[in-house]
Amino acid sequence: ELRAVFSDEALVQCWLDYEAALARAEAVVGLVPAPAAAEITRQARAENIDFVSLRQGIYDTTHELVPLIWQLAARCQGDAGGYVHWGATTQDVTDTALVMQVKAAYAIILRDLQALADALADLARRERDTILPGRTHGQHALPITFGFKVAVWLAEVRRHIERLEQAAPRVLVGQFAGAAGTLASVGEQGLEIQRLLMADLGLGVPEITWHPARDGFAEYVSLLAMVAMTMSKIAHEVILLQKSEVAELEEPYVRGKVGSSTMPHKRNPMLCEGIMAEARMVRGIQNTVLSAMESEHERDWTAVHVEWACVPEASILAGGAVAHTLRVIGNLIVYPPRMRRNVDALHGLILSEAVMLKLGERLGRQTAHEVVHEAAMLAFEQGRPLADLLAEDERVTRHLSIEQIDAMLQPEAYTGLAGLFVDRVAGQ
């Protein structure tokens, strides 16, 4: 879907749409005869263009737009062809065309991000109270719920939606500025032509030329990189939790999915690995697009060429990452029994904080930390339940009964406000 937005045919049609809209706007102010504007509009269709000739013309002239202007003008009846591209410069057309494509990509990516947010909200509500180990530094920390983990992803995705929506008025702005950006070619009528042209194309009106100011595309691609990295973070988490030793999650699996050409047992997270690859490429593209902001004087086509290559690629890759993440989340396989077993894998160590804080009421926090830390390290090294080591320490049993210790080592009793946070983010 995004490749179609950025196809050669779509790009040429955007160029033609600009030329037709420009003629119509100039007809309104009396700069172009109305019949000429109508004829330009009638002929400004990509199916009317000889793409083989256009490609050769671009090669021969080393100019992106002039061969298209020649073809469009030649197709127009009467003297209409003489009014094609009146008062504009090539970069007005090419910049605006790329923005038009970005606008179409915006709609697709935002649609899929919203669908992903809906899927994450459903998953968070469904798994609101499903216990699993919370992990910090790759190690068991405290028990949380899977719904809580998903709600964190959801909040981040929603912030990206908000960022993209907030950026749209800055990014989706067209260009009609003339050769050096001053609209000297059309004089006092320039602002009205500009207003009519952008209204026709559904784009914002620029405050001043942005020929040498490339921050709009840089912001857009930077936001795409952020979106893609969130998709990568989610995919990576699924990969980590799908490892054979963990086995708490699995990306979508259907009969017929093949993990390996030589190991029949493999159920590999291929979708998630693809998402991570897409995100890495977008992150690299971001750096290149940022370099295009260093544009010389009133025009610098080194920046433009960079954007032509990078903006479509970043859009396709980031949009692909979102679409593939939606596929993963929509059919994610969750294994609650394995999650619960993993909570118990360290025989109570995951609840050491609960014991330490309770004991701290009697001994003080630092002393309690030292006592529980000593017991926890022995439990870890000897492979024994934490409860047994605590029960053998009179510094503990002097203040806590065996029943109290056992009660504090129940994971379900120490998930904090996880459920409340899920309700706050995902709804009930």
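Cut-off values and rules
Residues numbered from 1 in each chain as written. Predicted model: local features only at pLDDT ≥ 70, side-chain atom pairs only at ≥ 80, totals over all residues. Heavy atoms only, no water. Helix = DSSP H or I, 4+ residues; strand = E, 2+ residues; numbered from the N terminus. Rg over C-alpha atoms; globule rule 2.2 N^0.38 Å. Buried < 20%, exposed > 50% of the residue type's maximum accessible area, 1.4 Å probe, protein only. Areas by Shrake-Rupley, 256 points an atom, 1.4 Å probe, with all protein chains shown as cover. Salt bridge = Lys/Arg side-chain N within 4 Å of Asp/Glu carboxyl O. Phe/Tyr/Trp six-rings, centres within 6.5 Å; stacked < 30°, edge-to-face > 60°. Disulfide = S-S within 2.5 Å. Contact = heavy atoms within 4.5 Å. Core = buried A, V, L, I, M, F, W, Y, C linked by side-chain atoms within 4.5 Å. Pairing = 2+ DSSP bridges. Axes fitted to C-alpha atoms, helices over the stretch in contact; angles between N-to-C directions. Parallel < 35°, antiparallel > 145°, perpendicular 65-115°, else oblique. Left-handed = near helix turned anticlockwise from the far one by under 90°. Patch = residues over 30% accessible without salt bridge, like charges linked within 9 Å, V, L, I, M, F, W, Y side chains within 5 Å. Polar contact = N/O pair within 3.5 Å; in protein donor to acceptor, adjacent residues only side chain to side chain.

Caption draft 1: Highlighting the overall build of the protein chain. Each helix and strand in the protein chain was counted, giving 18 helices and four strands. Here the protein chain has a C-alpha radius of gyration of 30 Å; the compact-globule value for 428 residues is 22 Å, and the former is much larger. Projected onto its principal axes, the C-alpha positions of the protein chain cover 100 × 50 × 40 Å. Burial analysis of the protein chain (428 residues in total) assigns 50% to the buried set. Only carbon and sulfur atoms are counted for the fraction: they give 54% of the accessible area of the protein chain, which is about 20,300 Å².

Caption draft 2: Main features of the pattern of salt bridges. Using the criterion set out here, one finds 23 salt bridges in the structure. In this structure, arginine 45 engages glutamate 47 in a salt bridge whose closest nitrogen and oxygen atoms are separated by 3.6 Å. Residue glutamate 392 is joined to arginine 384 by a salt bridge in which the shortest nitrogen-to-oxygen separation is 2.5 Å. For glutamate 392, a relative accessible area of 56% translates into the label exposed. Judged by its relative accessible area of 26%, arginine 384 falls in the partly exposed class. It is possible to trace a salt-bridge network through shared partners that takes in Glu1, Arg111 and Asp112.

Caption draft 3: Region of the structure containing the packing of aromatic side chains. Counting across every chain of the model gives seven aromatic pairs. Summarising the aromatic geometry, the rings of phenylalanine 146 and tryptophan 153 are spaced 6.3 Å apart at their centres and angled 85° between planes, so their arrangement reads as edge-to-face. The buried category is assigned to phenylalanine 146, whose relative accessible area is 0%. Here the aromatic cluster, defined as three or more aromatic residues joined through ring pairs, consists of Trp15, Trp301 and Trp308.

Caption draft 4: Local environment of the state of the cysteines. Enumeration according to the criterion identifies zero disulfides in this entry. Not engaged in a disulfide, the cysteine cysteine 14 finds its nearest cysteine sulfur in cysteine 310; these two sulfurs lie 19 Å apart. With no disulfide of its own, cysteine 76 has cysteine 14 as its nearest cysteine by sulfur position, at a separation of 19 Å. Exposure remark for cysteine 76: the relative accessible area of 8% places this residue in the buried category.

Caption draft 5: View of the environment of valine 328. Here valine 328 shows up in helix H11 (residues 301–330). Residues valine 328 and glycine 82, spaced 246 residues apart in sequence, show a C-alpha to C-alpha distance of 54 Å. Setting aside residues up to four positions removed in sequence, valine 328 forms contacts with Val238, Glu251, Pro252, Leu271, Cys272 and Ile275.

Caption draft 6: The arrangement of the nonpolar core in detail. By size, the foremost hydrophobic cluster in this structure holds 112 residues, and its most contacted members are Tyr106, Leu113, Phe146, Phe176, Leu197, Tyr220 and Met231. Residue contributions to this core peak at 19 residues, all from helix H6 (residues 90–126). In this structure methionine 231 touches Leu113, Leu116, Val157, Ile275, Ala321, Val322 and Thr325, once residues within four positions along its chain are discounted. If you look at the next biggest cluster of nonpolar residues, it comprises 23 residues, including Leu351, Leu389, Val396 and Ile405.

Caption draft 7: View of unusual backbone geometry. Phi is positive for histidine 137, close to 55°, though the residue is something other than glycine. With phi around 60°, leucine 183 is a residue other than glycine that occupies positive phi space. As for its placement among the helices and strands, leucine 183 is situated in the loop between helix H7 (146–171) and helix H8 (190–201). By relative accessible area, which is 8% here, leucine 183 ends up buried.

Caption draft 8: Inspection of the pairing of strand E1 (residues 131–136) at higher detail. Examined bridge by bridge, E1 and strand E2 (residues 139–145) share five bridges and lie antiparallel to one another. Counted as the bridge partner of leucine 132 is isoleucine 144 from E2. From the end of E1 to the start of E2, which pair antiparallel, there are two residues, and histidine 137 there has a positive phi angle of about 55°.

Caption draft 9: Just the packing of H7 against helix H9 (residues 215–242), in detail. Where H7 meets H9, the axes come as close as 10 Å, and the angle between the chain directions of the two elements is 170°. By the criterion of interaxial angle, the relationship of H7 to H9 is roughly antiparallel. Crossing of H7 against H9: the hand is left-handed. Contacts from Lys149, Trp153, Glu156, Val157, His160, Arg163, Leu164, Ala167, Arg170 and Val171 in H7 reach Gly216, Glu219, Tyr220, Leu223, Met226, Val227, Thr230, Met231, Lys233, Ile234, Glu237 and Leu241 in H9.

Caption draft 10: A look at a nonpolar patch on the surface. On the surface, a nonpolar cluster with roughly 280 Å² of combined accessible area is contributed by Leu417, Leu420 and Phe421. Of note, leucine 420 is situated in helix H18 (residues 418–426). Overall, leucine 420 belongs to the partly exposed group, its relative accessible area being 48%.

Caption draft 11: Region of the structure containing the side chain of histidine 85. Along the chain, the position of histidine 85 falls in the loop between helix H5 (66–75) and H6. A distance of 2.7 Å separates a polar atom in the side chain of histidine 85 from a polar atom in the side chain of glutamate 19. Not counting residues up to four positions away in its chain, the partners in contact with histidine 85 are Glu19, Leu22, Leu65, Ile69, Thr90 and Val93.

Nothing here speaks to function; it is geometry throughout.
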